[in-house]
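Reading the structure
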Amino acid sequence: MPRGAPPPPTAAAAAQRPAPAQRPAPAQRPAQLRAHRTWPSSAAGSGSAAGPASPPRPGIVWYHRAMMKLLPVAPLLLLLLTTLEARPKPAALKCRTGPLDIVFVIDSSRSVRPFEFETMRRFMIDIIGSLDVGPNATRVGVIQYSSQVQNIFSLKTFFTRADMEKAINSIVPLAQGTMTGLAIQYAMNVAFTTQEGARPLHKKIPRIAIIVTDGRPQDRVTEVATQARNAGIEIYAVGIQRADMNSLRAMASLPLEEHVFLVESFELIQQFGKQFQDKLCGVDVCMEQEHGCQHSCISTPGSFYCECNPGYRLNVDGKTCSLIDYCSFGNHSCQHECVSIPNGHYCRCRSGFTLQPDSRSCKATDLCNGVDHGCEFKCVSTEGSYRCVCPEGQQLQADGRACSKCGAGHIDLVMVIDGSKSVRPQNFELVKQFVNRIVDLLEVSPHGTRVGLVQYSSRVRTEFPLNKYHSADEIKKAVMEVEYMEKGTMTGLALKHMVEHSFSELEGARPLSHNIPRIGLVFTDGRSQDDISEWARRAKESGIIMFAVGVGKAVEEELRAIASEPVEQHFSYSADFTTMTHLVENFKLNICPEEGKGKTEIRSPCECEALVQFQTNTVAILQSLTEKIAQMTARLEDLEKQIANKK
């Protein structure tokens, strides 16, 4: 209020006011409340003006007679009214909407007179009295401003209405200029921060600033108010008496008709406060209409939002919820599988594995020790299962448990022969004869033994793959037609070719799951010109049983590096090509313990077993013949005795 304004009326002055009959009629009085939304006083519509006395109307006579009839029961009615008055009154209803963060921004400039400031105190206290305040309910803060901004209490200071009311009653007005823009800036940068007690934005708790001012701002408010609204603050602008409507509109949130109010005088602000409570609280939308929230509905002034239970996130439709996939964060460290649950996750192992005490790693369950596997030779546990295996040279039968006693010819054999210049043409012919002698020992067929041949010098050449020929005669003919390559000795390159190509299914090798032994036989007569250790190791690691045959200047160290364990049983050496035929005996198709004493030989156990069986059968037949001869001899002796007696 500007200086020089008349002081508030005293009680004596009030007594000297004109009688009601002398006051202007309601139609002639100015409106006491004007605003973007108008808040009229209750007196504005009372509508009676004093005038000359009128004669009694018939209705009044009837009323008088009715009251005379009620006189006998008046004491009873009085007792009833007294009883009703004595009954306890229901407590005033609080806001039932969700929690709010409310900050009052109060103008205490010099234009606000002391008694006017008291009405502003009452305004704040009345509104707080209607709120459900608390740390998890509505939080309230108050700041006052003039030429500077003063924080009375922040959102985190008080959580009871009594404490808030005490602090509001202790406010001392600043009585300076009107820097409304500065106050909005403070509310945005300080009052509504989490450090001062505002809840984080992701919790979607409405942030409401109620600005109460009585004059025109002395600084700019449009830009800073826009920033505050963009920061998520809903602004109500309440102007009193001399407030500037354009400034109120520049500060308030949209829609303006619901956020801009102009009260004609300080005397009416208390009446406005009661109506503003209804505006602020509104109705509980979650209770009044179908919200469609899957989990929880949170009411806000005039609206609502959906919220999900812990461990769930709100979907883009703003209503349904989805379980948070904690496993997708990539930090679960589960060895096998991660399973999301509300508020966390747990690790799970695949079938056949057991979760370890660290709740992350998995260990294979040894099913071979826990089930009756029925494997004839050996049970091997695999991921979630097991399989039976047979000794080297024997084949697993169709039942997946038994081993064949006569699987000698079922191997995949690739022979890698040295065709370097040091071998010489005449010796290379002896090498081919050596190869064919080995072929003679094999039972070659599409379902039995398969044979492939590789020649190497400075380069590697596949003479024929495993799936090329299906009989021993075809293979022997193809071997004799092989042409001598000459040049260098790249044994390592040959081993690489054998591992990557010769034993591939594309070139006729049968799958490892068929348990067909893969045998590689390397023939060389000298030192390799490249490194052999890498591919010799890879060959054995891939399951190939390696044999090494050296002749002439072959290096024993290299032969041992190529050969499988036990090395002594998988490598052979001959001084020259003409005396190497005895090496064939070391490479018979399979194992015959009776004759080989456990050593690996290229010989069919069927042949060994057949010889033993033949010997057993022969002995049995001979015994039977011997018994029959003895019987015939005895009968002949009887006949001789009978003939002698007759003579």
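The structure this text deals with has already been given above.
We now turn to the structure provided with this report. (Residues numbered from 1 in each chain as written. Predicted model: local features only at pLDDT ≥ 70, side-chain atom pairs only at ≥ 80, totals over all residues. Heavy atoms only, no water.)

1. A short note on the pattern of salt bridges
Counted by the stated rule, this structure contains 16 salt bridges. Here Glu 429 ties to Lys 432 by a salt bridge, and the two come within 3.1 Å at their closest N and O atoms. Taken together, the positions of Glu 429 and Lys 432, both in helix 12 (residues 425–440) and three residues apart, correspond to about one turn of that helix. On the basis of relative accessibility, which here comes to 3%, the residue Lys 432 falls in the buried class. Measuring nitrogen to oxygen at the nearest pair gives 2.8 Å for the salt bridge that ties Glu 568 to Arg 560. For Arg 560, a relative accessible area of 30% gives the class partly exposed. Among the ionic contacts, a cluster of salt bridges with common partners joins Glu 534, Arg 537, Arg 538 and Glu 541. (Salt bridge = Lys/Arg side-chain N within 4 Å of Asp/Glu carboxyl O. Helix = DSSP H or I, 4+ residues; strand = E, 2+ residues; numbered from the N terminus. Buried < 20%, exposed > 50% of the residue type's maximum accessible area, 1.4 Å probe, protein only.)

2. So, the nonpolar core
Core analysis: the largest hydrophobic core is formed by 33 residues, its most contacted members being Phe 104, Met 120, Phe 123 and Val 212. For this core, the secondary-structure elements that each account for two or more residues are strand 1 (101–107), helix 4 (114–129), strand 2 (139–145), helix 5 (161–169), strand 4 (207–213), strand 5 (233–240), strand 6 (260–263) and helix 9 (269–281). For Phe 104, the residues in contact, after removing those within four places along its chain, are Phe 123, Met 124, Ile 127, Ile 128, Val 140, Gly 141, Val 142, Ile 143 and Ile 210. (Core = buried A, V, L, I, M, F, W, Y, C linked by side-chain atoms within 4.5 Å. Contact = heavy atoms within 4.5 Å.)

3. Observations concerning the packing of aromatic side chains
Scanning the entire structure with this criterion turns up five aromatic pairs. Here Phe 434 and Phe 523 contribute two aromatic rings whose centre-to-centre distance is 5.8 Å and whose plane-to-plane angle is 45 degrees, an arrangement assigned as tilted. In this pair, Phe 434 is assigned in helix 12 and Phe 523 in strand 20 (residues 518–524), connecting sequence segments 89 residues apart. Of the two residues examined, Phe 434 and Phe 523, each falls in the buried class. Look at Phe 464 and Tyr 469: their rings are 5.2 Å apart centre to centre, the planes differ by 70 degrees, and that puts the pair in the edge-to-face class. Of note, Arg 538 hangs over the ring of Trp 535, and the distance from its end group to the ring centre comes to 4.4 Å. (Phe/Tyr/Trp six-rings, centres within 6.5 Å; stacked < 30°, edge-to-face > 60°. Lys NZ or Arg CZ within 6 Å of the ring centre and 35° of its normal.)

4. A look at the packing of helix 4 against helix 5
With their axes 10 Å apart at the nearest point, helix 4 and helix 5 run at an angle of 175 degrees to one another. Classified by the interaxial angle, the pair formed by helix 4 and helix 5 is roughly antiparallel. For the pair helix 4 and helix 5, contact is made by Arg 121, Arg 122, Met 124, Ile 125, Ile 128 and Gly 129 and by Arg 161, Met 164, Glu 165, Ile 168 and Asn 169, respectively. (Axes fitted to C-alpha atoms, helices over the stretch in contact; angles between N-to-C directions. Parallel < 35°, antiparallel > 145°, perpendicular 65-115°, else oblique.)

5. Quick word on helix 5
If you check which residues of helix 5 are buried, you get Met 164, Ala 167 and Ile 168. Summarising the axial view, the buried residues of helix 5 lie within an arc of 100 degrees, below the 170-degree limit, and thus occupy one face. The outward face of helix 5, more than 90 degrees from its buried face, is lined by the exposed residues Ala 162 and Lys 166. Among the structural elements, helix 4, strand 2 and strand 3 (149–153) are those in contact with the buried residues of helix 5. (Arc of directions from axis to C-beta.)

6. Topic: the sheet that holds strand 2
Sheets are built from strands paired through backbone hydrogen bonds, the pairs being either parallel or antiparallel. Pairing in this open sheet of six strands is mixed, and the strands run 3-2-1-4-5-6 from one edge to the other. Single-partner strands in this sheet number two, and they are strand 3 and strand 6. Recorded for the sheet is a direction-independent mean angle of 20 degrees between the axes of neighbouring strands. Taken together, the four bridges between strand 2 and strand 3 define a ladder with antiparallel strand orientation. Paired with Val 142 across the strands is Phe 153, a residue of strand 3. (Pairing = 2+ DSSP bridges.)

7. Section: the side chain of Arg 207
Structurally, Arg 207 is set in strand 4. Here Arg 207 occupies a buried position and makes no salt bridge, while the nearest side chain of opposite charge, Asp 101, is found at 4.8 Å. Ignoring sequence-local partners within four residues, the contact set of Arg 207 consists of Asp 101, Phe 192, Thr 194, Ala 198, Arg 199, Pro 200, Leu 201, Gly 232, Ile 233 and Glu 234. (Lys, Arg positive; Asp, Glu negative; His and termini not counted.)

8. Side note on a nonpolar patch on the surface
A surface patch of nonpolar side chains, about 390 Å² in accessible area, is lined by Ile 621, Leu 622, Leu 625 and Ile 629. One can find Leu 622 in helix 18 (residues 605–646). (Patch = residues over 30% accessible without salt bridge, like charges linked within 9 Å, V, L, I, M, F, W, Y side chains within 5 Å. Areas by Shrake-Rupley, 256 points an atom, 1.4 Å probe, with all protein chains shown as cover.)

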